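Reading the structure
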Amino acid sequence: MQRTLFRRGCMLRPLEVPFRYLFGPGPSNVPPRVLAAGGRGIIGHLHPEMYEIMNDIKKGIQYAFQTQNNMTIAMSGSGHAAMECAVFNTVEPGESVLVAVNGIWGERVAEIAERMGANVHIMVKAPGGVFSNGEIEKALAKHKPVLFFLTHGESSAGLAHPVDGIGDLCRKHNTLFLVDTVASLGASPIFMDQQNIDILYTGSQKALNAPPGTAPISFNERACQKMFNRKTKPVSYLFDMAHLSNYWGNDGQPARLYHHTGPVSGFFSLRESLAILAEKGLEESWRHHREVAGYLWKGLEDMGLKLFIQNKDLRLPSVTTIAIPEGYNWREMLQYIMKHHNMEMTGGLGPSTANCLCITTNMKMFINHCI
């Protein structure tokens, strides 16, 4: 029987990728040094040299998170992978989970926890709203959750939520404190150990300026006690920290066993981006983001535009949100900017979709374009 092959079509053409100024909330333009690192020759994911690179990544994450946690790794996947890993490993079906929802990321965590059988309780504010420590403690006392989730950098609204004191409240109520810093790490101060954050995660593609596909996450001893003394196995094999802790050499075992094939090139890029952050220094990175964000805020306000987060102290330095002017179609505006200026900006996400436009303050790229 003669078989007919499908046509090869577009696969006979060379790959073409346009250059764009990526001013949306992510991914960001990647520096040449990080791109070059990702383009190095592949080595085996279980080679000793790869383990050394993974050890470097662990130390880089510890510095960026300001933690001494041994259980610190990078997930093979985007920020959502770390989000699911945190929930899947520390929560069992039927347990109570409390989620602060003031944008899309709280909504996502609530759905993830609900899907795996948790008893989910939500605290809700309008996009960009801030939860007081008093409100949080009242909810902790009422729902007695094993886990409380808060977004530090709510990119859908451009909010940098205060964190001080919340970790203390969670310890008082025997609750693990989970914080999302995907949009804020490297741009806005966070101190995992000093702020008593039990689980912290981020993504590679925002202020770290690496390609998407890896997601740093860290668990302190309180979180490890909970997730390694479960009655049931986590719902995901890929995200099971019992296996991942061995893969990253964190479980004290003499040998690392095969679990999955990690993104070798992605780890090269992540390692380089963390090295750049260490060379620059966290304090300088925070200062530089704040300086450039202030420059952007002033320019937008001088044009007569209104920023979505009115309190400057609560604005996320890495993602600026603009209130959509009355009478304008934001989709048409963004299409015009892309067509005529090759610049990506985005609308809000989830509950903020109709309220704001999002612009990332990709520092060097933004300054060069303005000059």
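Values in this document were obtained by computation on a predicted structure and should not be read as measured data.

**Considering the side chain of Thr 175**
- Relative to the helices and strands, Thr 175 resides in the loop between α6 (166-172) and β8 (176-180).
- Only 2.8 Å separates the side chain of Thr 175 from the backbone oxygen of Pro 145, close enough to count as a polar contact.
- Once you skip the residues sitting within four places of it in the chain, Thr 175 turns out to touch Leu 140, Pro 145, Val 146, Leu 147, Phe 148, Cys 170, Asp 198 and Arg 222.

**Focus on unusual backbone geometry**
- That bond from Gly 26 to Pro 27 is cis: its omega, 0°, falls within 30 degrees of zero.
- Note on placement: Pro 27 falls in the loop between β1 (21-22) and α1 (32-38).
- Positive phi is not limited to glycine here, since Asn 174 has a value of about 55°.
- With respect to the helices and strands, Asn 174 occurs in the loop between α6 and β8.
- A relative accessible area of 63% means that Asn 174 is categorised as exposed.
- Positive phi, normally seen in glycine, also occurs at Asn 209, with a value near 60°.

**Regarding helix α4 (residues 104-115)**
- An ideal rise of 1.5 Å per residue puts 16 Å on 12 residues; α4 measures up with 17 Å between its terminal C-alpha atoms.
- Looking only at α4, the buried set comprises Ile 104, Trp 105, Gly 106, Val 109, Ala 110, Ile 112 and Ala 113.
- Immediately downstream of α4, the backbone of Gly 117 shows phi near 95°, a positive value.

**Let's talk about helix α2 (residues 48-65)**
- Between its terminal C-alpha atoms α2 stretches 26 Å, which fits the 26 Å expected from 18 residues at 1.5 Å a residue.
- Within α2, the full set of buried residues consists of Met 50, Tyr 51, Ile 53, Met 54, Ile 57, Lys 58, Gly 60, Ile 61, Gln 62, Ala 64 and Phe 65.
- Looking at the packing, one finds that the buried side of α2 touches β2 (71-76), β9 (199-201), β10 (214-219), α8 (241-247), α9 (264-280) and α10 (282-302).

**Observations concerning the UniProt feature "modified residue: N6-(pyridoxal phosphate)lysine" (unreviewed entry) in the protein chain**
- Listed under "modified residue: N6-(pyridoxal phosphate)lysine" (unreviewed entry) in the UniProt record, and renumbered for this structure, are Lys 206.
- Tracing the backbone through its elements, the reader meets Lys 206 in the loop between β9 and β10.
- For Lys 206, a relative accessible area of 11% gives the class buried.
- If sequence neighbours within four positions are ignored, Lys 206 has contacts with Pro 25, Gly 26, Ser 28, Val 182 and Ala 183.
- At a separation of 3.3 Å, a polar atom in the side chain of Lys 206 contacts the main-chain carbonyl oxygen of Pro 25.

Definitions and limits used
- Residues numbered from 1 in each chain as written.
- Predicted model: local features only at pLDDT ≥ 70, side-chain atom pairs only at ≥ 80, totals over all residues.
- Heavy atoms only, no water.
- Helix = DSSP H or I, 4+ residues; strand = E, 2+ residues; numbered from the N terminus.
- Polar contact = N/O pair within 3.5 Å; in protein donor to acceptor, adjacent residues only side chain to side chain.
- Contact = heavy atoms within 4.5 Å.
- Buried < 20%, exposed > 50% of the residue type's maximum accessible area, 1.4 Å probe, protein only.
- Expected span 1.5 Å × (residues − 1).
- UniProt positions renumbered as here; feature names shortened; annotations may be inferred.

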